[in-house]
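# Reading the structure
Residue-level listing of the chains:
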2 protein chains.
Amino acid sequence: MSLTADAADQPTLYKRIRADIEKRILTGEWPPGHRIPFEHELVARYGCSRMTVNKALSELAQADLIERRRRAGSFVRRPQHQSAVLKIADIRAEITALGRAYGYELIGRKLRAATAADRDRLGVKKAGKVVAITCRHSADNVPFAVEDRLIDLASVPHAATADFSREPPGSWLLHHVPWTEAEHTISAIVADDRTAEALDIAVGAPCLVIDRYTWRSARTITAVRLLYPGDSHRLVARFKGG
Amino acid sequence: MSLTADAADQPTLYKRIRADIEKRILTGEWPPGHRIPFEHELVARYGCSRMTVNKALSELAQADLIERRRRAGSFVRRPQHQSAVLKIADIRAEITALGRAYGYELIGRKLRAATAADRDRLGVKKAGKVVAITCRHSADNVPFAVEDRLIDLASVPHAATADFSREPPGSWLLHHVPWTEAEHTISAIVADDRTAEALDIAVGAPCLVIDRYTWRSARTITAVRLLYPGDSHRLVARFKGG
DNA sequence: TACGATTATATGTCTAGACATATAAGTCAA
DNA sequence: TTGACTTATATGTCTAGACATATAATCGTA
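About the cut-offs
- Residues numbered from 1 in each chain as written.
- Chains lettered and ligands numbered in written order.
- Predicted model: local features only at pLDDT ≥ 70, side-chain atom pairs only at ≥ 80, totals over all residues.
- Heavy atoms only, no water.
- Contact = heavy atoms within 4.5 Å.
- Buried area = accessible area lost by both parts, 1.4 Å probe.
- Salt bridge = Lys/Arg side-chain N within 4 Å of Asp/Glu carboxyl O.
- Polar contact = N/O pair within 3.5 Å; in protein donor to acceptor, adjacent residues only side chain to side chain.
- Helix = DSSP H or I, 4+ residues; strand = E, 2+ residues; numbered from the N terminus.
- Nonpolar A, V, L, I, M, F, W, Y, C, P; charged D, E, K, R; others polar.
- Pairing = 2+ DSSP bridges.
- Near = heavy atom within 4 Å.
- Axes fitted to C-alpha atoms, helices over the stretch in contact; angles between N-to-C directions.

We now examine the interface of chain B and chain A. Between chain B and chain A, the residue contacts involve 61 residues of the former and 62 residues of the latter. Summed over both sides, the interface of chain B with chain A buries roughly 5200 Å², with 58% coming from carbon and sulfur. One can count zero salt bridges joining chain B with chain A. Between chain B and chain A we count six residue pairs in polar contact (both at pLDDT 80 or more) in total. Elements with a contribution of two residues or more to the side of chain B that touches chain A: helix H1 (13–26), helix H3 (50–62), strand E4 (83–87), strand E8 (181–190), strand E9 (206–216) and strand E11 (235–239) of chain B. With ten residues, E8 of chain B is the largest single contributor of residues to the side of chain B that touches chain A. Of the residues that constitute the side of chain B that touches chain A, the class distribution is 30 nonpolar, 15 polar and 16 charged. Both strand E8 (residues 181–190) of chain A and E11 of chain B contribute to a ladder of five bridges, which runs antiparallel. Bridging from a neighbouring strand, His184 of chain A pairs with Ala237 of chain B of E11 of chain B.

By nearness alone, 24 residues border DNA strand D, and Leu13 and Thr52 of chain A together with Arg50, Arg68 and Arg71 of chain B come closest of all. Arg50 of chain B has a polar side-chain atom sitting 2.8 Å from a base oxygen of DNA strand D. One nitrogen or oxygen atom from the side chain of Arg71 of chain B is found 2.6 Å from a base nitrogen belonging to DNA strand D. Here the surface near DNA strand D takes four residues from helix H3 (residues 50–62) of chain A, the largest share from any one element. For the surface near DNA strand D, the residue count by class is six nonpolar, seven polar and eleven charged.

All right, on to the sheet that holds strand E3 (residues 73–76) of chain A then. Residues and elements named next belong to chain A. Strand order in this open sheet of three strands is E1-E3-E2, and the pairing throughout is antiparallel. Strands with a single pairing partner mark the edges of an open sheet, and in this sheet they are strand E1 (35–36) and strand E2 (66–69). Judged from the four bridges that link them, E2 and E3 form a sheet pairing that is antiparallel. When the sheet's bridge partners are listed, Arg69 is paired in E3 with Gly73. Against the sheet, H3 makes contact with E1, E2 and E3, and its axis sits at roughly 120 degrees relative to E2, the strand it touches most.

Printed below as a string of structure tokens:
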């Protein structure tokens, strides 16, 4: 065995190599543009095979921390802090995670042929049936968010008969539609009469708006608008360098 | 050779395996909980070594599309669509990308000993000097966002002498501080007098607020608050399943 | 000087093995 | 039925090679 490791190496070797390099990048010891040691140098330094250091470097490349260029070497990338991971939790999960009591209330549910506005909102061209749902989520009996959702029955026929009086449509979809892609748009509005009443806030108070459009392999599933009281709700997006 | 491949396989084998599996997950053919074929089965199917299928599966696991469990196998994960990638672009880049003329205006700059409020905002305990900057970004001469920033001089001493009358502090920092981590908080407020004037909107109009807190290896770099007119600005977060 | 051909080299992918290890599943006893 | 023990097995990590390929550097030539 040519393992030069210290007695107790908790993580595996390739993870240690990965962590070593990541630390030097994150502390600024190796600034953007700096060339990482060549694979064969790392092989010598750690006394392992090339596949092992290659795995470490490949993962760093996949995480966008470094850039690998044939013949030239591997280089620390310039941070693109325009992208951050935004946590948009399932509302029930979010509220219970805060240790508060989750409440749900169905305000309205309609099954109808898609109107022009519906089709526009879902981004579909063909006419078809949709379910329109309005409901409210609360935390400790205080209104937390109101939800206005459209489900395309052509994509999710089962939703026609689902009982949304108990289960929020978001949770129902999460359990009945396998895997989706989504796009979120975040904006701010002031509460109109209807919103103010639903959220129990003053007319003209700020609201955070999340519009989510969900599809699976080019098929629309659902479009939803969530309204939060803007001064009490916050979205947190964390960027971690890797 | 038992390669079931079509004649021309452009990508490498492990990428094809990865793409094959990803497609089945994204189309719903393999729903959450479904067991992916064992490595030795994929080895037989693709006629390659285990390391090759292992690389494909490892990448899918790193992307959270599947979960690997020793002795049990690999399984399609339940989509956690609470996480999405939020693009928070450098404002100048964002505006020029829209094909509009970028404008920048320094409103105020102060170098001072950190007040209690400053220390609280930066999350530091020790007293020290800070630079406080207020500025405005515009697109086609229309106010786009106002920025209120604090830079910790203990971490970025160079910022004391930087010229922020031409270059926005965000761009300056991006080029002078190597690699950082950040946390963003998004909320909504209504414009007060000062904000309304700076953004040229009505008092009481909705504003989108982004608070960004940036650090490098436990050292605070900067804290910034960006205010956007809420009805004209939208943040887009896209979730891609992998 | 500029441009085209050649060469050296770092990464990209892959193999056919190996041993480690967590754990699902089966076995047996209390 | 329950708990403790054993076993089988799928993944996790690693090796010592191999050939492919893009490209930076060098060299030669117009």
